[in-house]
Amino acid sequence: MAVQTSEAIEGAPADQRRPAVRGHALALVTVVVWAVTFVSTKVLLVHLAPIEILFFRFVIGFVALALLRPRILHVRGFKEERWFMLAGATGVTVYYLLENIALTFTTASIVGVVVAAAPLFTGVASAVVLKERLRAPFFVGFAVAMAGVCLVSFAGGASGGLVAEGGLGQAGLIGVALALAAAGTWAVYSIVTKKLSTFGYDSILVTRRTFAWGLAFMLPALPLLGFSPDWGSLAAPEMWGNLVFLGLGASALCFVTWNMAVKELGPVKTSLYIYLVPALTVLASAAVLGDPLTPPVVAGVLLTIAGLFLSERGK
């Protein structure tokens, strides 16, 4: 029997830790950028409809990835292609359309809270599909994080509270249902992303193909959702500047880093970082737009972070 040296024994755990550390770093970078996208989107909504912003950002993202990796990804038949189709449908088209339509029925704060429940949906889906085990701290962390998300969204969100925007009437319930469907759709996308990572393809090429299918599925919905952009307004620096940020940063970069994080950590641990998005958005709004940081908001941020760590220990 071979004898292991002390260097080998000590080196193995470090080698095993490196992918996990890299995965956590990639997930954190991703949600930081995604949090800032809400500020950019707020600027763009002055002249563009949500569907127009969505379409332009993914076109820019696709072109950027095509220039970065100017070669064709040859998949091994329709058996693999269908996974790319499902990724594009769920992670690009259906998720964002459900979220945007939900915003027409209820407040941004309510939609943000409901969509932040995506890690719970991802955990349940992973337990059913991937047979991953979830322990009690995962669910305790979910409750703590959602308490923090609610504090952040309703106490300090720029969109105002329930009373100011009409509360939860019949239309509001429709909005909540659509946001829940969006969270469930993101859970499906996370599972599909894990499957795509097993094919062994380059992450940039995988993301580019996902964008291509997402845009293909989006095209039929454009006329139905009022796609009629004000082309003249796009010449303004604040317009094309924010669109480029959404296309290059939030789409091209972040979908690649998110997919890499899922490959390193798995869909459940990666999805836990979604808890941080509302908290980081409020912090970005305070820094960029001058929105106030009240004590409930600060408490909500701390609760969200605590819930993230608790849930991570339960996976």
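Procedures and definitions
Residues numbered from 1 in each chain as written. Predicted model: local features only at pLDDT ≥ 70, side-chain atom pairs only at ≥ 80, totals over all residues. Heavy atoms only, no water. UniProt positions renumbered as here; feature names shortened; annotations may be inferred. Helix = DSSP H or I, 4+ residues; strand = E, 2+ residues; numbered from the N terminus. Expected span 1.5 Å × (residues − 1). Buried < 20%, exposed > 50% of the residue type's maximum accessible area, 1.4 Å probe, protein only. Arc of directions from axis to C-beta. Core = buried A, V, L, I, M, F, W, Y, C linked by side-chain atoms within 4.5 Å. Contact = heavy atoms within 4.5 Å.

- In the nomenclature of an unreviewed UniProt entry, the protein corresponds to EamA domain-containing protein from the organism Eggerthella lenta.
- Under the UniProt heading Sequence similarities (unreviewed entry), the note attached to the protein is "Belongs to the EamA transporter family."
- As recorded by UniProt, the Subcellular location (unreviewed entry) comment attached to the protein reads in full: "Cell membrane".

### Structural notes on unusual backbone geometry
And then number 1: For Lys 131, which is not glycine, the phi dihedral falls at a positive 60°.
And then number 2: For Lys 131, the location among the structural elements is in the loop between helix H5 (118-129) and helix H6 (136-156).

### Digging into helix H12 (residues 295-313)
And then number 1: When the terminal C-alpha atoms of H12 are compared, their 28 Å separation across 19 residues agrees well with the 27 Å that a helix rising 1.5 Å per residue should span.
And then number 2: Every buried residue of H12 is listed here: Val 297, Gly 300, Val 301, Thr 304, Gly 307, Leu 308 and Ser 311. Viewed end-on, H12 has its buried residues packed into an arc of 125°, placing them on one side of the element. Every exposed residue of H12 that faces more than 90 degrees away from the buried side is listed here: Pro 295, Leu 302, Phe 309 and Arg 313.

### Section: the nonpolar core
And then number 1: Within the largest apolar cluster, 76 residues are counted, with the highest numbers of intra-cluster contacts made by Phe 58, Trp 186, Met 218, Phe 255 and Trp 258.
And then number 2: With eleven residues, the top contributor of residues to this core is helix H9 (residues 237-265).
And then number 3: Dropping the residues within four chain positions of it, Phe 58 is found in contact with Val 92, Tyr 96, Phe 211, Leu 215, Met 218, Ser 251 and Phe 255.
And then number 4: Counting residues in hydrophobic clusters, the runner-up holds five residues, among them Val 152, Ala 279, Val 297 and Val 301.

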